[in-house]
Amino acid sequence: MKSTFKNILFFMSFLVTICFLMWIMNWQPKVEHFSVFSSYLKNITSYVLAEDQNLRLLQDLASQHKVTTADCKNLFFNAQLNKSIENVMHIGQNELNDSSYISLAKDCGNFRKSRGYITSSLSAEEEEFPIAFTIMAYKDSEMVERLLRAIYRPQNYYCIHVDASSDSGFYQAMLAISKCLPGVFLPENRIDVKWGKFSVLEAEIVCLKELWRYTRWKYFINLTGQEFPLKTNWELVKILKAFDGANNIEGTIKGANTYRWRTKPPLGLRPVKGAVHIVANRNSHGLTVPLKRTMEALVDSQFSKKTS
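Residues numbered from 1 in each chain as written. Predicted model: local features only at pLDDT ≥ 70, side-chain atom pairs only at ≥ 80, totals over all residues. Heavy atoms only, no water.

Chemist: Which parts of the structure should I look at to understand helix H11 (residues 233–243)?
Modeler: For an α-helix the count is 3.6 residues per turn, leaving residues at separations of three or four pointing the same way. Residues of H11 that are buried include every one of Asn 233, Leu 236, Val 237 and Leu 240, and no others. What you see down the axis of H11 is that its buried residues fit within an arc of 100°, all on one side. Residues of H11 that are buried in the fold lie against helix H7 (124–127), strand S1 (131–137), helix H8 (141–151), strand S4 (219–224) and strand S7 (279–281). (Buried < 20%, exposed > 50% of the residue type's maximum accessible area, 1.4 Å probe, protein only. Helix = DSSP H or I, 4+ residues; strand = E, 2+ residues; numbered from the N terminus. Arc of directions from axis to C-beta. Contact = heavy atoms within 4.5 Å.)

Dropping the structure here:
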């Protein structure tokens, strides 16, 4: 309410200033000027109300999920550090398992509220800059769900690939969660991922092919189920806009273990050694060309089967 009052006070002052300037300059406004000003005022008012609504939403979520047993101030300022950490570690007494999530997700509205999901884009800038994520998940539904909750915004897209060798309970839990969150889905094609093998890339390709059907997202970020973000969605949008179409993709020829490539890849592709994680612009050559022309050929080739 304080925020709303301040915003209203600001715009009242703004209106008084405009009227004062009009009086000094003896300006005779025309009808079209009033129309433009009215439209501008309407947009500003809508923006203020939306910002206030988002603030109340975040405050409500924070009040519901406040950890009262941890002394955050002492934890950050290194006073009674061991005691603070011990309190934090004992918070997880009500841990959620696969069955818990399956049960919770039967009521999607209650699931989103009780788990503290942000169901608003929070800003026009974020709404107009959707991000696509893949999450390679194998186990621990609570850890994966906490990651998803931290990065979730309704304008984004999320493909959760559940390993083909994962427990059925874990898969059902992830499936139940996905049905409660717009923009979240599990691909039907599941890969038995072996670390260090081509199957790591193959699972990403499965999700990329699914994500490509959604045309709004601007950038792609791949994650695993054992990670957690250090930036908010708004900060990610700011960073990706600063990229200005550039990619963050690591690749090297000199440092590659070429002995692992026992045959040549199809279609004249040149293999390189790269990092697991990338940040890629949707319109970059690295995404559009493989997705449209070579991904299926790569997966079906002898190169994928003989690469160790």
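So much for the structure itself; the text now carries on.
Chemist: What's the story with helix H10 (residues 199–211) in this structure? I'm lost.
Modeler: An ideal rise of 1.5 Å per residue puts 18 Å on 13 residues; H10 measures up with 18 Å between its terminal C-alpha atoms. Where H10 is concerned, the buried positions are Ser 199, Val 200, Ala 203, Glu 204, Ile 205, Val 206, Cys 207, Leu 208 and Leu 211. (Expected span 1.5 Å × (residues − 1).)

Chemist: Looking at this structure, I do not really get the pattern of salt bridges. What am I missing?
Modeler: When the charged atoms of two side chains with opposite charge come close together, those side chains can pair. A complete count under the given rule lists eight salt bridges for this structure. A salt bridge links Glu 145 to Arg 149; the nearest nitrogen and oxygen atoms lie 3.4 Å apart. Taken together, the residues Glu 145 and Arg 149, both in helix H8 and four residues apart, mark about one turn of the helix. Both residues of the pair, Glu 145 and Arg 149, belong to the buried class. In this structure, Arg 213 and Glu 210 form a salt bridge, with 2.6 Å as the shortest nitrogen-oxygen distance. When its relative accessible area of 58% is taken as the criterion, Arg 213 is described as exposed. Judged by its relative accessible area of 23%, Glu 210 is partly exposed. (Salt bridge = Lys/Arg side-chain N within 4 Å of Asp/Glu carboxyl O.)

Chemist: Can you walk me through the side chain of Ser 121 in this structure?
Modeler: Structurally, Ser 121 can be placed in the loop between helix H6 (108–114) and H7. Side-chain polar atoms of Ser 121 contact the side chain of Glu 127, separated by 3.2 Å. Leave out the neighbours within four places in its chain, and Ser 121 touches Glu 126, Glu 127, Pro 154 and Gln 155. (Polar contact = N/O pair within 3.5 Å; in protein donor to acceptor, adjacent residues only side chain to side chain.)

Chemist: Help me understand the packing of aromatic side chains, please; the structure alone is not making it clear to me.
Modeler: By convention here, two paired aromatic rings are described through the distance between centres and the angle between planes. According to the stated counting rule, one finds nine aromatic pairs in the structure shown. Judged by centre distance (5.5 Å) and plane angle (35°), the rings of Phe 111 and Tyr 117 are tilted. In this structure Phe 111 comes out as buried when scored by relative accessible area, which is 0%. A centroid spacing of 6.3 Å and a plane angle of 20° characterise the contact between Phe 129 and Tyr 219, whose relative ring orientation is stacked. Of the two residues, Phe 129 sits in the loop between H7 and S1 while Tyr 219 sits in strand S4, which places them 90 residues apart along the sequence. With relative accessibility at 10%, the residue Phe 129 sits in the buried group. Ring-pair connections join several aromatic residues into one group, and the members of that group are Phe 111, Tyr 117, Phe 133, Tyr 152 and Tyr 158. For Arg 282, the ring lying beneath its charged end belongs to Trp 217, and the centroid distance is 4.7 Å. (Phe/Tyr/Trp six-rings, centres within 6.5 Å; stacked < 30°, edge-to-face > 60°. Lys NZ or Arg CZ within 6 Å of the ring centre and 35° of its normal.)

Chemist: Looking at this model, I keep getting lost on the nonpolar core. Mind explaining?
Modeler: Most often, soluble globular proteins keep nonpolar side chains buried together rather than apart. In terms of nonpolar packing, the biggest core is built from 34 residues, with Ile 131, Phe 133, Leu 148, Ile 160 and Ile 177 touching the most fellow members. Those elements giving two or more residues to this core turn out to be S1, H8, strand S2 (157–162), helix H9 (168–178), S4 and H11. No other element matches H9, which puts six residues into this core. Beyond its immediate sequence surroundings of up to four residues, Ile 177 is in contact with Tyr 101, Ala 105, Phe 111, Tyr 117, Glu 145 and Leu 148. Counting 16 residues, the second largest nonpolar core, distinct from the first, contains Phe 185, Cys 207, Trp 212 and Ala 280. (Core = buried A, V, L, I, M, F, W, Y, C linked by side-chain atoms within 4.5 Å.)

Chemist: I tried to follow the state of the cysteines on my own but got confused; where do I start?
Modeler: Evaluated as defined, the whole model comprises two disulfides. The disulfide that involves Cys 108 links it to Cys 180, with 2.1 Å between the sulfurs. Between Cys 108 and Cys 180 the disulfide shows an S-S torsion of about -75°. By sign, it is left-handed. Here Cys 108 is found in helix H6, whereas its partner Cys 180 is found in the loop between H9 and strand S3 (184–185), with 72 residues between them in sequence. The class of Cys 180 is buried, set by a relative accessible area of 2%. By sequence-ordered numbering of the bonded cysteines, the protein has its disulfides arranged as 1-3, 2-4. (Disulfide = S-S within 2.5 Å.)

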